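As a plain string of letters, each chain reads:
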Amino acid sequence: MNDLTTNLATYSVVLTYSAMAVYVVAFISFALDMAKRSGDVTAAAKNVGADDGSADAAGAASARGAKTVATVRGGTVVLEQVAAPPSGGSTGRGTKFERVGMAMTILALVLHVASVVLRGIAADRVPWGNMFEFSLTGTALITLIFLLVQFWQNLKFLGVFITGLTIILLGIATVNYWVPVVPLQPALQSYWLVIHVFVAIAGTGFFALGAGLAVAQLVQTYRQGRTASGKLRFMATLPDADRLEVLTYRVLLVGFVLWTFTLIAGAVWAERAWGRYWGWDTKEVWTFIIWVVYAGYIHARATRGWRGARSSWLALIGFAAVMFNFSVVNVFFKGLHSYSGL
């Protein structure tokens, strides 16, 4: 390894740590945004409650944008009036903390992508030839997908989940997975490395986003079933459970399509490299297990009427399988796909 390669790899690590520091600031900002939302909801609820003793209470609540929701308790439908989310919620420009969190996430991603590019230049190849590089590129793509999805749907409330996940994965990668820049193994010296692995990383990004939405859906379902509870007030500023469940399904559908291509591309590459499409290697089996779980999720929701908490739990099982495949199979199971570099 020459001095230029060593220097570029070192600068890449420095940029990685810098990105992690900015991600921490973004995470704190998103957490403060949640606290601010809770405070706003509490204040709005008190304003509505102050008018409960007057004859015009219903009109006053309606003027403030309160809405009537129906909950089922013991087989009885109960109508209750709930304060509408404050103006600083998930619509419009959001709170000051949310805007700071988004700005810091963008800055962190710029540093993050720079570290990926420098690693690739140092290695003179695509930067996902081992576990460290896969983690570095994968977390950058997860964050990029989170930011790009905002043009389709306002999901900024997932900022605390995405930045938190990115910090954890980058921390594990830099501490446990870092290896010097080395040439690719012969089996990886193929254009299929670019196609197969990049699409797999993109699919993982959508699965991560879907997991965050599934968690939000479960929390929202719990909260909506207990409208009298003073906990988790910030959830009142998020979409309702049904909407979150629909968003989860749409995001995971994209991830499933990408993962299907990953499975097919992997089989084609295996035939080119080893002369067979399928060999029951541990990595191949777990990739197929992940595909089956998400296929089951889509099928159960579309044809069996699995909605609400059941579908969200199945989505989380799928993401747990993805994380197991990444963190356990790649490291502890030996086989033809043992390319972790550790």
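Use the structure listed above.
The sections below set out a description of the structure shown in this document. Every value quoted in this text rests on a predicted model; they were computed, and no experiment measured them. (Residues numbered from 1 in each chain as written. Predicted model: local features only at pLDDT ≥ 70, side-chain atom pairs only at ≥ 80, totals over all residues. Heavy atoms only, no water.)

### Remarks on the nonpolar core
Then, number 1: Judged by nonpolar contacts, the single largest core of 76 residues is most densely connected at Leu155, Phe157, Phe207, Leu209, Leu213, Tyr294 and Phe319.
Then, number 2: The set of elements that each furnish at least two residues to this core consists of α1 (3-49), α3 (96-123), α4 (131-149), α5 (159-177), α6 (192-224), α7 (241-274), α8 (282-303) and α9 (309-332).
Then, number 3: A total of 15 residues in this core trace back to one element, the largest contributor, which is α6.
Then, number 4: If we skip the residues at most four places from it in the chain, Leu209 touches Ile145, Phe146, Val149, Leu155, Leu158, Ile162 and Val251.
Then, number 5: Counting 6 residues, the second largest nonpolar core, distinct from the first, contains Leu118, Ala122, Ala123 and Val181. (Core = buried A, V, L, I, M, F, W, Y, C linked by side-chain atoms within 4.5 Å. Buried < 20%, exposed > 50% of the residue type's maximum accessible area, 1.4 Å probe, protein only. Helix = DSSP H or I, 4+ residues; strand = E, 2+ residues; numbered from the N terminus. Contact = heavy atoms within 4.5 Å.)

### A few points about the side chain of Arg125
Then, number 1: Tracing the chain through its elements places Arg125 in the loop between α3 and α4.
Then, number 2: The buried category is assigned to Arg125, whose relative accessible area is 15%.
Then, number 3: Here the side chain of Arg125 touches Glu133 through a polar contact of 2.7 Å, side chain to side chain. (Polar contact = N/O pair within 3.5 Å; in protein donor to acceptor, adjacent residues only side chain to side chain.)

### Observations regarding the environment of Trp152
Then, number 1: Topologically, Trp152 is positioned in the loop between α4 and α5.
Then, number 2: With relative accessibility at 42%, the residue Trp152 sits in the partly exposed group.
Then, number 3: With sequence-adjacent residues up to four places away left out, Trp152 is seen in contact with Leu247, Arg250 and Val251.

### Observations regarding a nonpolar patch on the surface
Then, number 1: Among the surface-exposed residues, Tyr277, Trp278, Trp280, Phe288 and Val292 lie close enough to one another that they form a single nonpolar patch of about 560 Å² accessible area.
Then, number 2: Considering the arrangement of structural elements, one finds Trp278 in the loop between α7 and α8.
Then, number 3: A relative accessible area of 32% means that Trp278 is categorised as partly exposed. (Patch = residues over 30% accessible without salt bridge, like charges linked within 9 Å, V, L, I, M, F, W, Y side chains within 5 Å. Areas by Shrake-Rupley, 256 points an atom, 1.4 Å probe, with all protein chains shown as cover. Salt bridge = Lys/Arg side-chain N within 4 Å of Asp/Glu carboxyl O.)

### Structural notes on the environment of Ala19
Then, number 1: Residue position: Ala19 is located in helix α1.
Then, number 2: Here the alpha-carbon distance between Ala19 and Ser115, two residues 96 residues apart in the chain, equals 8.6 Å.
Then, number 3: Excluding residues within four positions of it along the chain, Ala19 makes contact with Ala108, Leu111 and His112.

### Observations concerning the pattern of salt bridges
Then, number 1: Under the definition given, this model contains 6 salt bridges.
Then, number 2: Among the salt bridges present, the one from Glu133 reaches Arg125, with a minimum N-O distance of 2.7 Å.
Then, number 3: One salt-bridge network, held together by shared partners, links Asp33, Arg37 and Glu98.

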